[in-house]
Amino acid sequence: MNDENDFPEHDEAEATEGQSTGEAGAVLPSYRPAREAAAGYRAMAADAARAQELVRQAVEPLQHVIADSQHYQQMIRQAVEPLQHLIADSSRYQQMIRDSMPDLSGIMPQIDSRWFRGLADTLTTVHRVIERVFPSNWHGESLDYTAMVPVLEEGIPLAWVPSAPVIRDLLAATDGQARARVLEVNTEEIVTACRKALSAVTQPDLQQQTALLDDCLTMIEVNLSSGAQALAASVWDTVYRAVWRADPSLNTAGFFKYKDVAKKLPKVDLDDSTLLQFRQACVFTPFGKASDDFYDSHPVPSAFNRHATTHAAGASQYSTANALTALMLAVSLVRELEQGNLAYTIRS
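All values reported here derive from a predicted model rather than from experimental measurement.

Rules behind the numbers
Residues numbered from 1 in each chain as written. Predicted model: local features only at pLDDT ≥ 70, side-chain atom pairs only at ≥ 80, totals over all residues. Heavy atoms only, no water. Salt bridge = Lys/Arg side-chain N within 4 Å of Asp/Glu carboxyl O. Helix = DSSP H or I, 4+ residues; strand = E, 2+ residues; numbered from the N terminus. Buried < 20%, exposed > 50% of the residue type's maximum accessible area, 1.4 Å probe, protein only. Core = buried A, V, L, I, M, F, W, Y, C linked by side-chain atoms within 4.5 Å. Contact = heavy atoms within 4.5 Å. Expected span 1.5 Å × (residues − 1). Phe/Tyr/Trp six-rings, centres within 6.5 Å; stacked < 30°, edge-to-face > 60°. Lys NZ or Arg CZ within 6 Å of the ring centre and 35° of its normal.

Topic: the pattern of salt bridges
Piece 1. Summed over the entire model, instances satisfying the criterion amount to seven salt bridges.
Piece 2. Taking the shortest distance from any N to any O, the salt bridge between E221 and R195 comes out at 2.8 Å. Of the two residues, E221 is situated in helix 9 (residues 207-221) and R195 in helix 8 (residues 187-199); the sequence distance between them amounts to 26 residues.
Piece 3. Judged by its relative accessible area of 47%, E221 falls in the partly exposed class.
Piece 4. A salt bridge links D237 to R241; the nearest nitrogen and oxygen atoms lie 2.8 Å apart. In this pair, D237 and R241 are both assigned in helix 10 (residues 225-246), four residues apart and thus about one turn of the helix distant.
Piece 5. The class of R241 is partly exposed, set by a relative accessible area of 26%.
Piece 6. When salt bridges with common partners are traced through the structure, they connect R195, D214 and E221 into a single cluster.

Here's the deal with the nonpolar core
Piece 1. Counting 69 residues, the largest nonpolar core has W138, W236, Y240, L327 and L333 as the members making the most contacts within it.
Piece 2. Excluding residues within four positions of it along the chain, Y240 makes contact with F256, Y258, V261, A262, L265, F287, S291 and L333.

Looking at the environment of K263
Piece 1. Mapped onto the elements of the fold, K263 is located in helix 11 (residues 258-264).
Piece 2. With a relative accessible area of 58%, K263 lands in the exposed category.
Piece 3. Expressed as a C-alpha distance, the spacing of K263 and G288, which sit 25 residues apart in the sequence, is 7.4 Å.

Focus on helix 9
Piece 1. Over its 15 residues, helix 9 extends 21 Å from the first C-alpha to the last, a length consistent with the 21 Å expected when each residue adds 1.5 Å.
Piece 2. Of all the positions in helix 9, only Q209, T210, L213, C216, L217, M219 and I220 are classed as buried.
Piece 3. On the buried face of helix 9, the contacting elements are helix 8, helix 10 and helix 14 (320-338).

A closer look at helix 14
An α-helical turn contains 3.6 residues, so any two residues separated by three or four positions project in the same direction.
Piece 1. If you check helix 14, its first and last C-alpha atoms are 27 Å apart, about what 19 residues at 1.5 Å a residue would give, namely 27 Å.
Piece 2. Counted residue by residue, helix 14 has 18 buried out of 19 residues, so it is predominantly covered.
Piece 3. Directly after helix 14, the chain includes G340, whose backbone phi takes a positive value near 85 degrees.

Describing the packing of aromatic side chains
Piece 1. Tallying each qualifying case throughout the model produces 15 aromatic pairs.
Piece 2. Ring centres of W236 and Y240 lie 5.3 Å apart, and the angle between their planes is 35 degrees; on these two criteria the pair is classed as tilted. Highlighted residues: W236 and Y240, both in helix 10, separated by four residues, approximately one helical turn.
Piece 3. By relative accessible area, which is 0% here, W236 ends up buried.
Piece 4. Note on Y240: relative accessible area 1%, which makes it buried.
Piece 5. Note that R335 overlies the ring of W160, its terminal NZ or CZ placed 4.1 Å from the centroid.

Listed below in structure tokens is the structure:
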């Protein structure tokens, strides 16, 4: 049923010839628009007639081609006729195959659809658990978790940040230099992912570190990546020590020694770990590379290194890729602490 809003409004002066009012009070359109539309259709009909004439003129020279085509069709029919018995034999063979198949119709009533519904419900529950436990940047994505391990061991975070497309690019890169280029090319997207992760942090005792990391993001946006790297490394070190301080299993003779603490951190085990253990291992695995010892006798590393960032400031250690790595290390850890599964005691 048409609503009164389906018809255009008219002034009373226009409600003349061909116009009436329905029971609902809707004003029907006057015949003028219909007359104009009819004139348009007549013009279209004339155009169509002209087009048909043009087509007829173009087709006439092709009549002999059509006749030849009919001749060729007759030749094909004559060639195919001797093959009819082969086609018939093929049909008989198909019927023989169908007759030899067992009758499965009696089995179907025994299949209980409730079993499939129960399986679907179970898979839905499993999916919810995975979504709740896995980092948000993995949700709904098909990522190669086996391929993640060497990238994590190289010191690049993949849990909570960066986004899944960047993770795929990092996994596809052939070496450390290529992965550094991936980070630099995706600077803007990584900054966005870090802001998103930090926006989910609500724990009061993490707010100071969150604010400092937000300052790091701002510095990267205005091309002050060196300052961002130094500050992000310091925030990461602060939060890292907060976990060590609260976890007796990480105790290293009463003082913080990076290499020794890193050895006690969770390791990725694809065969024998819970989803939570796997997530936490992915957060902590990059810490080993970032905590490597660096001495004056060593070349200044080109990949992010906390010690070199502090004690060897310069072009070898400071880069956009390293600033992003330091930032992601800190954001990943802060975001993991927000989940509430790890104890920590921050001194600030």
